[in-house]
Amino acid sequence: MYKKRGILIGLIILLFSFACITQEVYAAVTPSFGARNLKTGMRGGDVQDLQKALNYLGYPTETDGIFGPSTKYALMQFQKSVSLQADGIGGAATFRALNDILEGCWYEVKPGDNLSSLAKTYRTSVQGIMATNGLTRTTIKAGEKLLLTIGSEFNRAYIVQRGDNLSVLAKRFGVSLEKLLDVNSIEDPEYLCIGQQLLIPQSLPSRYNLGSQDESLVIIWPVTSRRITSGYGWRPHPIGGNRQFHGGIDIGVSTGTSVYAAAAGRVKSVGRGWQNGYGNNIVLDHGRGITTWYGHLSEILVKEGQWVTQGQQIAKSGNTGMSTGPHLDFRIKIGDDTIDPLKWLP
Ligand SMILES: [Zn+2]
């Protein structure tokens, strides 16, 4: 009898302590970084949380838990934005800045959670959660930390810099001033602090202002040649003669010429063979819906999923697919829409 009661009391205590522990965890989820300085070459959960934080703030990097060149670059961009020394090393001051900005945004995944259920709870989309956390897969596991804010349908965080004003920012990010004020619950547009976090409504990549370049992405020429043999837009098809829309530019180069990544990013896909006439090709993903395309290649030097830096050689040009002579077909897409690369190329 006593034994049974003992077990019962024990169970009740156990239940209560569980309840308290869970409560505490939900009250304040903190990222795992902070215990040690983080720099190039390091690995771990703290590196991964740092990468998620950078992605969330609009500095895209992989989230593989390995501190590589793209993580260093993203971290330096963040450090610059908050006027810290841009050394690309995660130290106390950097972590303090990140924690100040992201306080209350971390969520620890519970058993049974999935991206759709979280998207519903947070009134956002699976795509939005994946984009802001830099996730490449749709599965999440218990204990994993994610950055979530209610209604963050592709909202991107932006840290206010010296000299910023809201109408210029609205124009720059292609949103209306009213929407910007509304999303950030700002009543007086004059009131803006340096270092303040703003949410920039992004919704879908097609909402990008197609006319002007995204200021955070600088594109360089993928080959040293500037000889355009066929421009962007409507043209008679080179083989067959019917009018066709050309979604890229053809740059005349002999087979075997080095092809460089126009911007840092991740290899989204590589295609070999005919490929609907595009021939051997590479697609690089630069984040926020922007991709660059390289067609008719003779040799591909990267593999899918790999990160590349701007100017890194990724291929050799060629004459594969439907092509009347050796050239590189270079394209820039925002979502599914092509833009004239000459508008972005320096
Ligand atoms: Zn072409």
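Residues numbered from 1 in each chain as written. Predicted model: local features only at pLDDT ≥ 70, side-chain atom pairs only at ≥ 80, totals over all residues. Heavy atoms only, no water.

Q: Help me understand the overall build of the chain in this model?
A: Scanning the chain from N- to C-terminus turns up nine helices and 17 strands. In the chain, of all internal contacts separated by at least 6 residues, the share reaching a separation of at least 24 is 59%. Summed over its atoms, the accessible surface of the chain is roughly 17,900 Å², and 54% of this surface lies on carbon and sulfur atoms. (Helix = DSSP H or I, 4+ residues; strand = E, 2+ residues; numbered from the N terminus. Contact = heavy atoms within 4.5 Å. Areas by Shrake-Rupley, 256 points an atom, 1.4 Å probe, with all protein chains shown as cover.)

Q: How should the pairing of strand 10 (residues 265-271) be read in this particular structure?
A: Sheet faces and side chains relate simply in a regular strand, where the side chains alternate between the two faces. Two elements, strand 10 and strand 14 (residues 307-308), share two bridges in a ladder whose sense is antiparallel. Within strand 14, the position partnered with G265 by the bridge is V308. As paired strands, strand 10 and strand 11 (residues 280-285) are joined by five bridges and run antiparallel to one another. Residue pairing across strands places G271 opposite N281, the latter belonging to strand 11. (Pairing = 2+ DSSP bridges.)

Q: In this structure, what is going on with the coordination of the zinc ion? I would like to understand it.
A: Geometry sets the ideal angles at a metal, namely 109.5 degrees for four tetrahedral donors and 90 or 180 degrees for six octahedral donors. Surrounding the zinc ion are the protein donor atoms H246 (NE2), D250 (OD) and D329 (OD), at 1.8 to 2.3 Å. Mapped onto the sequence, the residues coordinating the zinc ion show the spacing H-x3-D-x78-D. With relative accessibility at 1%, the residue H246 sits in the buried group. The exposure class assigned to D250 is buried, which follows from its relative accessible area of 7%. (Donors = N, O, S within 2.8 Å, 3.2 Å for Na, K, Ca; no water. Buried < 20%, exposed > 50% of the residue type's maximum accessible area, 1.4 Å probe, protein only.)

Q: Before we go on, may I ask you to explain the pattern of salt bridges in this structure?
A: Side-chain pairing between opposite charges can occur once the charged atoms of the two side chains come close. This structure, assessed with the given rule, holds four salt bridges. In this structure, D329 engages R331 in a salt bridge whose closest nitrogen and oxygen atoms are separated by 2.8 Å. Both residues of the pair, D329 and R331, belong to the buried class. (Salt bridge = Lys/Arg side-chain N within 4 Å of Asp/Glu carboxyl O.)

Q: Looking at this structure, I do not really get the packing of helix 2 (residues 45-56) against helix 4 (residues 92-102). What am I missing?
A: Packed helix pairs are specified by the crossing angle of their axes together with the interaxial distance, meaning the distance between the axes. Put simply, helix 2 and helix 4 touch, their axes get as near as 11 Å, and they point 55 degrees apart. Here helix 2 is positioned oblique relative to helix 4, judged by the angle of their axes. Between helix 2 and helix 4 lies a crossing of left-handed hand. Residue-level inspection shows L50, A53 and Y56 of helix 2 in contact with helix 4, the latter providing F95, L98 and L102. Here the contact of helix 2 with helix 4 is composed, by residue class, of six nonpolar, no polar and no charged. (Axes fitted to C-alpha atoms, helices over the stretch in contact; angles between N-to-C directions. Parallel < 35°, antiparallel > 145°, perpendicular 65-115°, else oblique. Left-handed = near helix turned anticlockwise from the far one by under 90°. Nonpolar A, V, L, I, M, F, W, Y, C, P; charged D, E, K, R; others polar.)

Q: What's the story with unusual backbone geometry in this structure? I'm lost.
A: The phi angle of most residues is negative, glycine excepted, and most peptide bonds adopt the trans form. In the Ramachandran plot, Q275 falls in the positive-phi region, its phi being about 50 degrees despite a non-glycine side chain. Structurally, Q275 is set in the loop between strand 10 and strand 11. One non-glycine residue with positive phi stands out, namely N276, at about 55 degrees. If you trace the backbone, N276 turns up in the loop between strand 10 and strand 11.

Q: What is the right way to look at the packing of aromatic side chains in this model?
A: A ring pair, where both rings are aromatic, is described by two values, the distance of the centres and the angle of the planes. One pass over the full model with this rule turns up six aromatic pairs. Centre to centre, the rings of F33 and W106 are 6.3 Å apart; their planes meet at 70 degrees, and the pair counts as edge-to-face. Of this pair, F33 sits in the loop between helix 1 (2-27) and helix 2 while W106 sits in strand 1 (residues 106-108), placing them 73 residues apart in sequence. When sorted by exposure, F33 lands in the same class as W106, which is buried. Between Y294 and F330, the ring centres sit 5.4 Å apart and the planes meet at 50 degrees, which makes this aromatic pair tilted. Highlighted residues: Y294 in strand 12 (residues 290-297) and F330 in strand 16 (residues 327-334), separated in sequence by 36 residues. (Phe/Tyr/Trp six-rings, centres within 6.5 Å; stacked < 30°, edge-to-face > 60°.)

Q: Would you take a moment to explain helix 3 (residues 69-81) for this structure?
A: What sets the pattern is the α-helix's 3.6 residues per turn: residues three or four places apart point alike. With 13 residues, helix 3 should reach 18 Å at 1.5 Å per residue; the first-to-last C-alpha distance of 18 Å fits that figure. Within helix 3, the full set of buried residues consists of S70, T71, A74, L75, F78, Q79 and S81. S83 lies just past helix 3 and shows a positive phi near 60 degrees. (Expected span 1.5 Å × (residues − 1).)

Q: Any chance you could explain the environment of S83 here in plain terms?
A: Tracing the sequence through the fold places S83 in the loop between helix 3 and helix 4. C-alpha separation for the pair S83 and R162, spaced 79 residues apart in sequence, amounts to 9.9 Å.

Q: It is not clear to me how the packing of helix 2 against helix 3 should be interpreted in this structure. Could you clarify?
A: Where helix 2 meets helix 3, the axes come as close as 10 Å, and the angle between the chain directions of the two elements is 55 degrees. With respect to each other, helix 2 and helix 3 are oriented oblique. Crossing geometry of helix 2 relative to helix 3 is assigned as left-handed. In this structure, helix 2 uses L50, Q51 and L54 to contact helix 3, whose residues at the interface are T71, A74, L75 and F78. Residues belonging to the contact of helix 2 with helix 3 are distributed by class as follows: five nonpolar, two polar and no charged.

Q: Looking at this model, I keep getting lost on the pairing of strand 16. Mind explaining?
A: By the criterion of burial, strand 16 is predominantly enclosed, with eight of the eight residues buried. Across the two faces of strand 16 the burial is the same, with H327, D329, R331 and K333 and L328, F330, I332 and I334 all buried. By the bridge criterion, six bridges tie strand 12 to strand 16 in an arrangement that is antiparallel. If you follow I290 over to strand 16, its bridge partner there is I334. Relative to strand 17 (residues 337-339), strand 16 is paired through three bridges, and the arrangement is antiparallel. Bridge pairing in strand 17 links K333 to T338. Hairpin remark: strand 16 followed by strand 17, antiparallel, with two residues in the connecting loop; positive phi at G335, about 65 degrees.

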